[in-house]
Structures are given as structure tokens and as C-alpha cells.
Amino acid sequence: MLKAQETLLEIDLKALEHNVTYLKSIIDSSTKFMAVVKSYAYGNDAVEIAKHLETLDVDYFAVAYTYEGEQLRTGGITKPILVLHAQSVYFNTLIENCLEPNLYSFKVLKEFITTAEGLNQKQYPIHLKFNTGLNRLGFLESDIPEIITILKNTDAIKVTSLFSHLGASEDLNENEFTLSQINTFKSISETFLEKLSYKPLLHICNTSGIINYPEAHFNMVRSGIGMYGFGNSEEENTHFKPITTLKTVISQINHIPKGQSVGYNRGYICDAPLVTATLPLGHADGIGREYGNGKGFVAINEQKAPIVGNTCMDMIMVDITNIDCQEGDEVIVFGDYPTAEEFAATANTISYELLTGLSQRIKRIILR
Ligand SMILES: *Cc1c(COP(=O)(O)O)cnc(C)c1O
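Parameters at a glance
- Residues numbered from 1 in each chain as written.
- Predicted model: local features only at pLDDT ≥ 70, side-chain atom pairs only at ≥ 80, totals over all residues.
- Heavy atoms only, no water.
- Helix = DSSP H or I, 4+ residues; strand = E, 2+ residues; numbered from the N terminus.
- Expected span 1.5 Å × (residues − 1).
- Contact = heavy atoms within 4.5 Å.
- Buried < 20%, exposed > 50% of the residue type's maximum accessible area, 1.4 Å probe, protein only.
- Axes fitted to C-alpha atoms, helices over the stretch in contact; angles between N-to-C directions.
- Parallel < 35°, antiparallel > 145°, perpendicular 65-115°, else oblique.
- Left-handed = near helix turned anticlockwise from the far one by under 90°.
- Nonpolar A, V, L, I, M, F, W, Y, C, P; charged D, E, K, R; others polar.
- Near = heavy atom within 4 Å.
- Polar contact = N/O pair within 3.5 Å; in protein donor to acceptor, adjacent residues only side chain to side chain.
- Phe/Tyr/Trp six-rings, centres within 6.5 Å; stacked < 30°, edge-to-face > 60°.
- Domains from an automatic or database assignment.
- Buried area = accessible area lost by both parts, 1.4 Å probe.
- Core = buried A, V, L, I, M, F, W, Y, C linked by side-chain atoms within 4.5 Å.
- Salt bridge = Lys/Arg side-chain N within 4 Å of Asp/Glu carboxyl O.

Engineer: Tell me what's going on with helix H8 (residues 175-195), and back it up with residues and numbers.
Structural biologist: For H8, built from 21 residues, the straight-helix expectation of 30 Å at 1.5 Å per residue is met to within 8% by its first-to-last C-alpha distance of 31 Å. Buried residues along H8 sit against strand E6 (124-130), helix H7 (144-152), strand E7 (157-164) and strand E8 (201-203).

Right under this line is the structure:
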């Protein structure tokens with residue numbers, strides 16, 4: 001481990017490997033594994049992560065947008081890539097990069113067929129998404145007859161998979177809702193398979209689905225957050241190792257007398273003498289104002305140092321009155337302690353938002 005002299009996001013590929021191995025151990029060996037690497041692999045580094053995942057024999061990648069898939073291709077990734085939120089303006093780029101679109105509405109389905117036919121494509125792999133209750137993207141079960149008619153009229157595309165997405169797979173209080181989503185998906189798949197001469201892959205589970213609904217793994221599962229080290233309960237987290245540590249360094253220590261204030265808008269008034277450390281990261285790095293004023297805390301020598309006053313754009317100040325430390329010392333924003341989940345919770349958010357919100361200006365360091 002290297003000692004930080006600036007703000008660094010360390011990405012531990014060994015931990016990634018551990019998490020993927022665990023996830024693969026709880027699915028059937030015939031079930032395919034789709035690695036979700038959208039949004040810079042949840043704020044990490046999509047190309048580096050995907051390259052390593054290729055060596056771990058994942059079957060598929062998923063990104064949100066065409067541009068993200070293009071970056072993976074430029075980085076040398078050769079496995080199939082599903083674009084979860086394909087948009088018609090990029091269909092040419094998508095085909096040029098051999099990316100596979102999720103087609104979720106009649107509009108995008110028809111537009112994609114027009115593009116694919118225009119480029120003389122035959123049996124171009126596409127994925128159809130069904131809305132089973134999340135009410136975000138997807139066809140409805142009642143759309144199937146019309147979809148089949150459209151498919152019978154073209155040989156430009158071929159349905160590689162049918163899929164859906166769970167809305168509350170992490171919440172066992174919503175068990176009934178999730179089971180109804182799974183049942184609707186089963187019924188959609190059955191109707192569809194009767195009408196096609198070939199068998200598309202079926203998939204519905206994200207990380208929490210993989211863990212909580214083993215009966216719904218179908219032919220493939222899609223994991224994001226689990227690969228990066230988080231399950232959906234304390235118990236589950238014991239199986240995962242967070243792959244990222246956000247480190248920084250103490251730029252300056254200030255001894256502030258009673259009565260003075262700290263930071264913009266005089267966010268903190270010292271009612272006693274205070275010692276603060278100023279750190280080189282702020283809301284421009286993804287540590288938003290909601291972490292300020294005593295909510296968020298970092299660890300210095302494994303001791304808790306709460307954020308004092310408002311978060312600035314490029315800096316935060318933390319309370320080190322009772323911590324023995326010096327300028328230049330390393331600071332852990334999140335990692336083993338606090339974990340990204342604990343840190344996120346201080347601002348009422350979740351690890352997904354914290355991780356994907358980390359600015360690209362933070363240097364990424366890959367530990368192999
Ligand atoms: C982001 C996403 C996933 C990954 O979800 P995790 O909870 O991170 O495992 C899976 N499927 C779809 C459709 C997604 O958008």
C-alpha cells in the first residue's frame with residue numbers, strides 16, 4: 001500500500017477477483033455472468049476493471065450508454081457488451097463498435113431495425129427489456145404479439161436475450177412484489193419462446209437478486225455493486241471485500257481560537273479552541289455539501305475526524321482536536337473504516353451514489 005500524498009482512489013483488483021469468485025460460487029456453473037461496468041465501473045475505471053474481468057471469465061459486460069461501450073472497445077475489450085439505455089442517435093456508433101442494444105420500446109425497436117437494415121446487417125444481436133413493475137424502461141407483456149410481428153418481418157436483428165429488472169430485490173419486506181415481478185417475467189418468457197424458433201437468454205437478477213432469489217437466476221445474472229464489494233445487508237457484506245479506498249492527505253493544520261469561525265458562510269463557530277486539518281477534496285470531487293457540518297467523517301490514524309463547517313469545492317476541514325497527527329499524514333475517506341456505505345449513510349445516501357459520483361479528477365491507482 002502506498003502512502004497518499006494527494007487524493008487517490010485505490011482500486012484493488014484482488015478484492016474484485018474475490019467478489020466475482022464469491023458471486024460465481026452462488027450461481028449455477030451453467031448460468032452466465034454479466035458484469036455491469038456502467039458509469040466508469042461504479043466510479044472506478046471501466047477499462048482496467050473490464051480487462052481484469054475478462055481474465056476472470058465473465059461472459060458479458062453491460063454499460064448504460066453507447067459511449068461507455070465505445071470506450072471499452074477502444075480499451076481492447078472484446079467480449080459482448082449490452083448497452084442498457086441505448087439511444088437512437090447513437091445506433092450507427094453502436095453497430096460500428098459491435099455493441100448490443102437493449103430495445104425497450106416500439107420507437108427504439110423500429111429505429112434500430114431501420115439502422116441495421118440500412119447497414120445491411122443480418123441477425124444483429126439485440127436484447128428486449130420488459131417492464132415487470134419497476135415502471136422505468138421496457139415493453140409490457142401485452143406488447144408481445146406486435147413485437148413478434150415486427151421480428152417476423154426482418155432478418156436484420158436477432159433476439160439474444162429477454163430481460164427485466166427488479167425494483168426491490170434488496171428488500172425482503174417487498175418479497176411478494178419481487179415474486180410477482182419474477183412470475184410476470186416467466187410468463188413473458190414462455191409466451192415469447194412459443195413464438196420463436198430459437199431460445200434467447202433470460203435474465204432478471206441484479207446483485208441483491210442473485211443473493212435473495214436463487215430460483216430466479218434463469219440463464220444469466222447481472223452484477224454491479226457486489227463485484228465492487230457491497231451486498232445488501234451486514235451479513236452479506238461479510239462475503240464481499242470493498243475494492244476501493246479513497247485516501248487523501250492533510251494539507252494544513254489550523255489551531256483556531258474560541259470565538260472564530262471555520263469555512264464559507266462561517267458554517268462552524270468555535271465555542272472552544274479547535275484544531276482542524278484541511279484536506280484536498282471537496283464537492284467537486286463528489287463529497288457534496290450534504291456531508292458537511294459534522295455529518296460526514298474521515299479516519300485519521302483510525303480515529304474519527306468529523307467534517308467541520310461547509311464542504312468547499314476543492315477542500316474540506318475536519319476536526320482533529322483529539323487526534324495526534326501532522327501535516328502530510330494520510331487520511332482515509334472511506335475504505336475499511338469508514339466503509340463507503342458508512343460514509344454514504346452519514347449523508348443519507350447509498351454507496352452506489354457515493355461511488356459513481358466521485359469526480360474523474362481524482363487519480364485512480366490500480367493495485368494488482
Ligand atoms: C445497474 C444495473 C444492474 C446492476 O445492479 P447492482 O445492484 O449494482 O448489481 C443490473 N441490471 C440493470 C438493468 C441495471 O441498470
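Engineer: Describe the side chain of Gln181, with residues and values.
Structural biologist: Turning to its location among the elements, Gln181 is positioned in helix H8. For Gln181, a relative accessible area of 0% gives the class buried. The contact partners of Gln181, leaving out residues within four places of it in the chain, are Thr132, Gly133, Leu134, His165, Leu166, Gly167 and Ile204.

Engineer: Lay out the packing of helix H1 (residues 13-25) against helix H3 (residues 46-55) in plain terms, naming residues and giving numbers.
Structural biologist: Two elements in contact, H1 and H3, have axes whose closest approach is 11 Å; the angle formed by their N-to-C orientations is 50°. Between H1 and H3, the crossing angle belongs to the class labelled oblique. Like other packed secondary-structure pairs, H1 and H3 cross with a definite hand, here right-handed. Across the interface between the two elements, Leu13, Leu16, Glu17 and Val20 of H1 pack against Ile49, His52 and Leu53 of H3. The residue inventory of the contact of H1 with H3, partitioned by class, reads 5 nonpolar, 1 polar and 1 charged.

Engineer: Summarise the site of the ligand; cite the residues concerned and give the values.
Structural biologist: Among the 14 residues in the neighbourhood of the ligand, the closest are listed as Lys38, Tyr42, Thr207, Ile225 and Tyr352. In this structure, an oxygen atom belonging to the ligand sits 2.8 Å away from a main-chain N or O atom of Ile225. Tyr352 is positioned with one of its side-chain polar atoms (N or O) 2.7 Å from an oxygen atom of the ligand. Every element with two or more residues in the shell around the ligand is listed here: helix H2 (38-43) and strand E9 (220-223).

Engineer: How would you summarise the packing of aromatic side chains if you had to cite specific residues and measurements?
Structural biologist: All chains considered together, the criterion is met by 12 aromatic pairs. Ring geometry for Tyr22 and Phe240: centres 5.3 Å apart, planes at 90°, overall edge-to-face. Linking Tyr22 in helix H1 with Phe240 in the loop between helix H10 (234-237) and strand E10 (244-249), this pair joins segments that are 218 residues apart in sequence. Each member of the pair, Tyr22 as well as Phe240, is classed as buried. For the pair Phe334 and Phe343, a centre-to-centre distance of 6.3 Å together with 45° between the ring planes defines the contact as tilted.

Engineer: How would you sum up unusual backbone geometry? Please name residues and give values.
Structural biologist: At the junction of Tyr337 and Pro338, the peptide bond is cis and its omega measures out at -15° in the coordinates. For Phe218, which is not glycine, the phi torsion reads 45° and is therefore positive. Assignment of secondary structure puts Phe218 in the loop between helix H9 (207-212) and E9. For Phe218, a relative accessible area of 23% corresponds to the partly exposed category. You will see that Asn265, though not glycine, has its phi angle at about 60°, which is positive. Looking at where Asn265 falls in the secondary structure, it is placed in the loop between strand E12 (261-262) and strand E13 (268-269). Given the relative accessible area of 63%, Asn265 is considered exposed.

Engineer: Any details on the domain arrangement of the protein chain? Residues and values, ideally.
Structural biologist: Parsing the protein chain into structural domains produces domain 1 (31-228) and domain 2 (244-367). Measuring from the centre of the C-alpha atoms in domain 1 to the corresponding centre in domain 2 gives 38 Å. Buried area between domain 1 and domain 2, both sides added, is near 860 Å², and the carbon and sulfur share of it is 60%. It is H2 that provides the largest number of residues to the side of domain 1 that touches domain 2, a total of 4 residues. Looking at the side of domain 1 that touches domain 2 residue by residue, the class counts come to 3 nonpolar, 3 polar and 2 charged.

Engineer: Break down the nonpolar core for me, citing the residues and quoting the values.
Structural biologist: With 112 residues, the main nonpolar core has Leu53 and Leu128 as its most contacted residues. Of all hydrophobic cores here, the second largest spans 7 residues; its members include Ile256, Leu274, Val308 and Met317.

Engineer: I'd like a rundown of the pattern of salt bridges, residues and numbers included.
Structural biologist: By the definition in use, this model includes 7 salt bridges. Here Lys363 makes a salt bridge to Glu6, at a shortest N to O gap of 3.0 Å. On the criterion of sequence distance, the pair formed by Lys363 in strand E19 (residues 363-367) and Glu6 in the segment before strand E1 (8-12) is long-range, its members being 357 residues apart. For Asp314, the salt bridge is made with Arg361, and the minimal N-O distance between the two is 2.8 Å. Pair noted here: Asp314 is in the loop between strand E16 (303-308) and strand E17 (316-319) and Arg361 is in the loop between helix H12 (351-356) and E19, with a separation of 47 residues, a long-range link. With relative accessibility at 33%, the residue Asp314 sits in the partly exposed group.

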